Amino acid sequence: LLFILVAIITLSVFSAIYIGYNQVRIARANDILDENNKLQTEITHLSAQVDSIMHKMKQMEEWEDKVRDDKNFKKVNKEIREMGVGGIPVYDSTFVDLGKDFCDEYNNLQKNLITLNAKLDFNYESHEELTKKLDLQELLYRSTPSIYPTFGRISDPYGWRKHPVTGKRSYHNGLDLSNKTGTPIYATADGVVAKTGKKKLLGRYIQISHKFGYTTKYGHLNKILVKKGDKVHRGQIIAEMGNTGRSTGPHLHYEVLRYNKNRNPYYYLNKTKNDIVVK
């Protein structure tokens, strides 16, 4: 009887321990199941966020292509844009015990994150290059003679002509625009006043130096409103039209030079920003 009693007590103790141990394991399994469900929900949420970012990235790429097209910039080759994004797929089996669907979703998220990171790096450099080109275009536009220097009619074009005073055939290095004395004269681009003064033939004149090798000259002025060394801006009034020097009437003699070589000013009138091509 004693043996039977000891056996019963021992069995009861071990049964209680076993049941308690299993209860702990069941509780732990339930906790793990809850964590897995939360992890799967978080993976799904992160995948949706990555997809949203990828969509916005695509919109940014389309915006960049449109800007490049509008500004006559070279477009980014689509194959080059995708270069380095692909590669040999790597399958991570860390969560294989949680089921194939979950494991596939996890690996797809990893792949999308790698793609997103590669696209971010490429697009950052591409957008930085685009920003520099836009800044350069703005600077080139502000520095390129691109507006009428005054109001008036073109009385004498650029090129060979019969001189109005001497009557001889001569080459006209500028463009003459006629109006009444005192008509405002405008700087046609941002720059620095290099010279002001008076010459026998040109009369009172201004010479402005601009970036990218441009120089503009304004002659036969009645009154000069700037001095040497002044910084001037496109559209700023710098003088008044006059009849000084060798002239047959009030007009402006306007010249455009690039790298000290005369250009036809007519082709620089009313240029828009998009006319300025940046390679």
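Residues numbered from 1 in each chain as written. Predicted model: local features only at pLDDT ≥ 70, side-chain atom pairs only at ≥ 80, totals over all residues. Heavy atoms only, no water.

A. A look at the overall build of the protein. Along the protein, the regular secondary structure elements total three helices and twelve strands. For the protein, the C-alpha radius of gyration of 39 Å lies well beyond 19 Å, the compact-globule estimate for 279 residues. The C-alpha extent of the protein, read off along each of the three principal axes, is 150 × 35 × 25 Å. The buried share of the protein, reckoned over its 279 residues, is 33%. Put simply, 66% of the contacts in the protein that link residues at least 6 apart link residues at least 24 apart. As presented, the protein carries roughly 17900 Å² of accessible surface, and 57% of it is formed by carbon and sulfur atoms. (Helix = DSSP H or I, 4+ residues; strand = E, 2+ residues; numbered from the N terminus. Rg over C-alpha atoms; globule rule 2.2 N^0.38 Å. Buried < 20%, exposed > 50% of the residue type's maximum accessible area, 1.4 Å probe, protein only. Contact = heavy atoms within 4.5 Å. Areas by Shrake-Rupley, 256 points an atom, 1.4 Å probe, with all protein chains shown as cover.)

B. Spotlight on the environment of R68. The topology assignment puts R68 in helix 1 (residues 2–70). Considered as a pair, R68 and I8 are 60 residues apart in the sequence and their alpha carbons are 88 Å apart. In this structure R68 touches F73, K74, K75, V76, S126, E129, L130 and K133, once residues within four positions along its chain are discounted. A distance of 3.1 Å separates the side chain of R68 from the side chain of E129, its partner in a polar contact. (Polar contact = N/O pair within 3.5 Å; in protein donor to acceptor, adjacent residues only side chain to side chain.)

C. Summary view of the packing of aromatic side chains. Applying the stated rule across the entire model yields six aromatic pairs. Relative to Y171, the ring of Y158 lies with its centre 5.5 Å away and its plane at 80 degrees, an arrangement referred to as edge-to-face. Of the two residues, Y158 is situated in the loop between strand 1 (153–156) and strand 2 (159–162) and Y171 in strand 3 (residues 169–172); the sequence distance between them amounts to 13 residues. Consider the rings of W160 and Y171, whose centres lie 5.2 Å apart with planes at 80 degrees: the pair is edge-to-face. (Phe/Tyr/Trp six-rings, centres within 6.5 Å; stacked < 30°, edge-to-face > 60°.)

D. Examining the nonpolar core more closely. With 20 residues, the main nonpolar core has I185, I206, I208, Y218 and I238 as its most contacted residues. Mapped by element, the contributors of at least two residues to this core are strand 4 (175–178), strand 7 (203–209), strand 8 (214–224), strand 10 (237–241) and strand 11 (251–258). Discounting chain neighbours no more than four positions away, the residues touching I206 are V193, K195, T196, T216, K217, Y218, L221, I224, V226, I238 and A239. The next biggest cluster of nonpolar side chains, apart from the first, holds five residues, and it includes I43, V50, F102 and Y106. (Core = buried A, V, L, I, M, F, W, Y, C linked by side-chain atoms within 4.5 Å.)

E. Main features of the layout of surface pockets. Empty space within the largest pocket amounts to approximately 530 Å³. Looking at the largest pocket, it is lined by 25 residues, and the ones nearest its centre are R161, H163, H172, H220 and H253. Those elements giving two or more residues to the lining of the largest pocket turn out to be strand 1, strand 3, strand 4 and strand 11. (1 Å grid on protein atoms, 1.4 Å probe; cavity = no way out; pocket = protein on both sides within 12 Å on 5 of 7 lines; lining within 4 Å. Points joined across faces, edges and corners; volume = space filled by probe spheres on them.)

F. Focus on the pattern of salt bridges. Within the structure shown, the criterion is met by ten salt bridges. When the shortest N-O distance is used, the salt bridge between D176 and R161 registers 3.8 Å. On the criterion of sequence distance, the pair formed by D176 in strand 4 and R161 in strand 2 is long-range, its members being 15 residues apart. Neither D176 nor R161 differs from the other in exposure class; each is buried. For the salt bridge of K227 with D230, the shortest nitrogen-to-oxygen distance reads 3.3 Å. Residue classification places D230 among the partly exposed positions, given a relative accessible area of 22%. (Salt bridge = Lys/Arg side-chain N within 4 Å of Asp/Glu carboxyl O.)

G. Summary view of the pairing of strand 2. With four bridges connecting them, strand 2 and strand 3 associate as antiparallel partners. Paired with W160 across the bridge in strand 3 is Y171. In this structure, the hairpin formed by strand 2 and strand 3 is closed by a connection of six residues, where G167 is found at a positive phi of approximately 80 degrees. (Pairing = 2+ DSSP bridges.)

H. Layout of the pairing of strand 6 (residues 191–199). Looking at chain direction, strand 6 and strand 9 (residues 231–232) are connected through two bridges and run antiparallel. By the bridge assignment for strand 9, V192 is matched with K231. As judged from the seven bridges shared by strand 6 and strand 7, these two strands associate in the antiparallel manner. For V193, the partnering residue across the bridge sits in strand 7 and is I208. Here strand 6 hands over to strand 7 after three residues, the two strands then running antiparallel side by side.

I. Examining unusual backbone geometry more closely. Non-glycine residue N72 carries a positive phi angle of around 60 degrees. Mapping N72 onto the fold places it in the loop between helix 1 and helix 2 (78–82). Although it is not a glycine, H220 adopts a positive phi angle of roughly 65 degrees. Relative to the helices and strands, H220 is located in strand 8. Taking the relative accessible area as the measure of exposure, H220 reaches 6% and is therefore buried.

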